[in-house]
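Inside the fold
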Amino acid sequence: MSELDRVIHEPARLTILALLSSVKEADFLYLLRETGLTRGNLSTHLMRLEEAGYVEIEKTFRGKIPLTLVRLSAEGKAAFHGYRKSMKDLLAPSKMRRVPVYIPT
Amino acid sequence: MEPRVDIDDVKRNAQRHWMEDGLSEILVGLLFIIIGGGLLLKLALPRWLTLDLLSSALTAAGALGLSWGFKKLKERITLPRSGYVVLPEPTRTRRMLTFGSVAVLGLASALGLLTHVVVVPVVAAVFAMCFLWGGVQYKQTSMLWEAFLTLLFAVVSTRFTSLSGVAGVLALMVMIGTSMAILGAVRLRGFLKANPRPQETEA
């Protein structure tokens, strides 16, 4: 059985990566609304993903308003697709092991 | 072991987010009105080159102005309330498919093959199918309403008006556009109520 990426396997981080995989880039507010996490929690998960090299975070301004942009890195894309593939492989019916069960009569 | 995250549903959120404020519905609706109405006007006017050029230029300017206004409204209304998102550019396959369909339609139209096919019920059915697909795919109730209204307009148009062929289809476009713009405006009102600007929330 291939090892699952523990960084991605955490539900909150998986949700963040799934959201980012369907957009080019998104800001902190969008991720906050869509994930339902608290600001602190989201920041922590984003930091963890940035440390793993899966997301790129850019702090910029739109007019006078600060904007934190987050996008999936190439490494993040590969890791996310790899994770999905291993989950699919893991859950595929042909890969399910048939365990003989003894039923006493 | 499997985290309870529906990845496919989460991935569809970006498209839902793009539509939740109703602005895109208003934009498409107004585009339908401008293009359908402009072409209807062109059919009604005498066939002078100057008038033809003028109405085409006005239609194109209206469409361009609308998409510019749409971007500005998105920046002012949606982004401060529900966040900033950039959708990915369409894939090469999708671009090729769009280009291919436009090319086929253009060729068929140039060869005069469309005059027999362009009938209100067929066009209405195509539109209704598109709305139905969008409504189910992105869980948008308003798109299901659009599908229903499109079929209703087609029935009204064929049974109670004398419009048929290209003129009938253009009139149908105007009707669909009007209903889309209205449904979009209702949705925008709901969005603004549910999502006050951040500083308004803090105050």
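This report concerns the structure included in the present document. This one's a predicted model, so the numbers in the text were calculated from it and none came from an experiment.

Describing the packing of helix α2 (residues 23–44) of chain B against helix α8 (residues 165–194) of chain B
Residues and elements named next belong to chain B. Between α2 and α8, the shortest axis-to-axis distance is 7 Å and the interhelical angle comes to 155°. Classified by the interaxial angle, the pair formed by α2 and α8 is roughly antiparallel. Two packed elements cross with a definite hand, and for α2 against α8 that hand is left-handed. For the contact of α2 with α8, the per-class residue count stands at 21 nonpolar, 6 polar and 2 charged.

A word on the pairing of strand β3 (residues 65–72) of chain A
Residues and elements named next belong to chain A. As paired elements, strand β1 (residues 25–27) and β3 share 2 bridges and run antiparallel to each other. Residue pairing across strands places Asp 27 opposite Leu 69, the latter belonging to β3. Pairing of strand β2 (residues 55–62) with β3, which is carried by 8 bridges, proceeds in the antiparallel orientation. By the bridge assignment, Lys 59 is partnered in β3 with Thr 68. Hairpin connection of β2 to β3: 2 residues between the antiparallel strands, including Gly 63 at a positive phi of 70°.

Quick word on the interface of chain A and chain B
Residue-level contacts link 20 residues of chain A with 17 residues of chain B. When contributions to the side of chain A that touches chain B are tallied by element, the ones reaching two or more residues are α2 (11–21), β1, α3 (28–35) and α5 (74–91) of chain A. If one sorts the elements of the side of chain A that touches chain B by residue count, α2(A) sits on top with 6 residues. Its residues assigned to classes, the side of chain A that touches chain B comprises 10 nonpolar, 4 polar and 6 charged.

Quick notes on helix α6 (residues 120–137) of chain B
Residue and element names in this part refer to chain B. Helix length check: α6 (18 residues) gives 25 Å between terminal C-alpha atoms against 26 Å at 1.5 Å per residue, within 8%. Buried residues of α6: Val 120, Val 123, Ala 124, Phe 127, Ala 128 and Phe 131, and no others. The arc that holds every buried residue of α6, seen down its axis, measures 130°, which confines them to one face. In α6, the exposed residues that point more than 90 degrees away from the buried face are Val 122, Val 126, Met 129, Trp 133, Val 136 and Gln 137. Considering only its buried residues, α6 is in contact with α7 (141–160) and α8. In the segment just after α6, Lys 139 is the residue with positive phi, at about 50°.

Points about unusual backbone geometry
Residues other than glycine seldom take positive phi values, yet B:Lys139 does so here, at roughly 50°. Relative to the elements of secondary structure, B:Lys139 occurs in the loop between α6 and α7.

A word on the nonpolar core
B:Leu30, B:Phe32, B:Ala124, B:Phe153, B:Leu172, B:Met173 and B:Ile176 are the most contacted members of the largest nonpolar core, which totals 29 residues. Put simply, the parts of the chain that give this core at least two residues each are α2, α6, α7 and α8 of chain B. For this core, the element with the most residues is α8(B), which contributes 10 residues. Listed in part, the 24 residues of the second largest apolar core include A:Ile8, A:Leu31, A:Val70 and B:Tyr84.

Thresholds, definitions, all that
Residues numbered from 1 in each chain as written. Chains lettered and ligands numbered in written order. Predicted model: local features only at pLDDT ≥ 70, side-chain atom pairs only at ≥ 80, totals over all residues. Axes fitted to C-alpha atoms, helices over the stretch in contact; angles between N-to-C directions. Helix = DSSP H or I, 4+ residues; strand = E, 2+ residues; numbered from the N terminus. Parallel < 35°, antiparallel > 145°, perpendicular 65-115°, else oblique. Left-handed = near helix turned anticlockwise from the far one by under 90°. Nonpolar A, V, L, I, M, F, W, Y, C, P; charged D, E, K, R; others polar. Pairing = 2+ DSSP bridges. Contact = placed C-beta atoms within 7 Å. Expected span 1.5 Å × (residues − 1). Buried ≥ 20, exposed ≤ 12 C-beta atoms within 10 Å, placed from the backbone. Arc of directions from axis to C-beta. Core = buried A, V, L, I, M, F, W, Y, C linked by C-beta atoms within 7 Å.

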